[in-house]
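In case you want the letters, here they are:
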Amino acid sequence: MSRIGRKPIDIPQAVNVDIKESLVKVKGPLGELSYSCPESIKAAIDNGKVIVERSTDLQKDRALHGLVRSLISNMVDGVSQGFKKQLEIKGVGYRAQAKGGKITFTLGYSHPIEFELPVGITATTDDKMTSITLSGVEKQLLGQVAANIRKLRAPDVYKGKGVRFVGERIKLKAGKTGKK
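Attention in this report is confined to the structure presented alongside it. (Residues numbered from 1 in each chain as written. Predicted model: local features only at pLDDT ≥ 70, side-chain atom pairs only at ≥ 80, totals over all residues. Heavy atoms only, no water.)

1. A word on helix 1 (residues 59-80)
Move 1: Under the 1.5 Å per step criterion, the end-to-end length of helix 1 is 33 Å for 22 residues, consistent within 8% with the ideal 32 Å.
Move 2: Listed in full, the buried residues belonging to helix 1 are Asp61, Leu64, His65, Gly66, Val68, Arg69, Ile72, Ser73, Met75, Val76, Gly78 and Val79.
Move 3: Phi turns positive one or two residues past the end of helix 1, at Gly82, with a value near 85°. (Helix = DSSP H or I, 4+ residues; strand = E, 2+ residues; numbered from the N terminus. Expected span 1.5 Å × (residues − 1). Buried < 20%, exposed > 50% of the residue type's maximum accessible area, 1.4 Å probe, protein only.)

This is the structure:
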């Protein structure tokens, strides 16, 4: 039995979970998410907890058991608390400005880059315009958007300039030394 898959998921007071056949709908104060479970995985509500079970003991089903449980748990956490990712921008003249559903970046290219945010993701920048905070209810979408933003100007291995996650450590290379 999967150690992750067999753990029950607690349902907070403000969250409503509805399971019909293989469709799991989670509704909370921050939004609504849904997920369609694979055929071999069943989800049920028991005493205010979501229980995820599998029908067979095949390798594929064992792998899906823990995955489905984690996805449903992330849905419950997302609609009740939400998720956040923080990015920081290092480099002279590098900055970002969030306005509406767009973020405008100045990252050392000859032109500013406008990044369109998908529905459900919001962004804020600090006063110095060197820190971006992304927030949303869908964990996978939030992580993908953060990765796409980081890809606009990945950190340079020689000077460390670029967009990186807060707390991410970049091992800098030494670079060339001049002739002696």
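2. Notes on the pairing of strand 8 (residues 95-99)
Moving residue by residue along a regular strand, the side chains alternate between the two faces of the sheet.
Move 1: Sheet topology places strand 8 next to strand 9 (residues 102-106); five bridges connect them, and they run antiparallel. Along strand 9, the bridge assignment pairs Arg95 with Thr106.
Move 2: Here strand 8 hands over to strand 9 after two residues, with Gly100 in that stretch at a positive phi of 65°. (Pairing = 2+ DSSP bridges.)

3. A short note on the nonpolar core
Move 1: Counting 20 residues, the largest nonpolar core has Ile89, Ile103, Phe105, Leu117, Ile132, Leu134 and Ile149 as the members making the most contacts within it.
Move 2: Put simply, the parts of the chain that give this core at least two residues each are strand 7 (83-90), strand 9, strand 10 (113-116), strand 11 (121-125), strand 12 (131-136) and helix 2 (139-152).
Move 3: With four residues, the single largest contributor to this core is helix 2.
Move 4: In contact with Ile149, other than residues within four places in its own chain, are Leu87, Ile103, Phe105, Phe115, Leu134 and Val163.
Move 5: Among the nonpolar cores identified, the runner-up in size contains 18 residues, and Val52, Leu64, Val68 and Ile72 belong to it. (Core = buried A, V, L, I, M, F, W, Y, C linked by side-chain atoms within 4.5 Å. Contact = heavy atoms within 4.5 Å.)

4. Some details on the environment of Lys27
Move 1: Tracing the sequence through the fold places Lys27 in strand 3 (residues 23-28).
Move 2: Using a relative accessible area of 48% as the deciding quantity, one classes Lys27 as partly exposed.
Move 3: Between the C-alpha atom of Lys27 and that of Arg150, which follows or precedes it by 123 residues, the distance is 31 Å.
Move 4: If we ignore the near neighbours within four places in the chain, the residues touching Lys27 are Ala14, Val15, Asn16, Glu32 and Val79.

5. Concerning the pairing of strand 7
Move 1: Where strand 7 and strand 12 come together, six bridges link them in antiparallel fashion. Of the residues in strand 12, the one forming a bridge with Phe83 is Gly136.
Move 2: Pairing of strand 7 with strand 13 (residues 162-165) involves four bridges; the strand directions are antiparallel. Following the sheet pairing, Ile89 is matched in strand 13 by Val163.

6. Notes on the packing of aromatic side chains
Move 1: In the structure shown here, the tally under the stated rule is zero aromatic pairs.
Move 2: Directly above the aromatic system of Phe165 lies the positively charged group of Lys85, at a separation of 5.6 Å from the ring centroid.
Move 3: Between Arg153 and the ring centre of Tyr109, over which it is positioned, the NZ or CZ distance is 4.2 Å. (Phe/Tyr/Trp six-rings, centres within 6.5 Å; stacked < 30°, edge-to-face > 60°. Lys NZ or Arg CZ within 6 Å of the ring centre and 35° of its normal.)

7. A word on the environment of Asp10
Move 1: Summarising the element assignment, Asp10 is placed in strand 1 (residues 9-10).
Move 2: In this view, Asp10 contacts Gly48, Lys49 and Val76; residues no more than four positions away in its chain are not counted.

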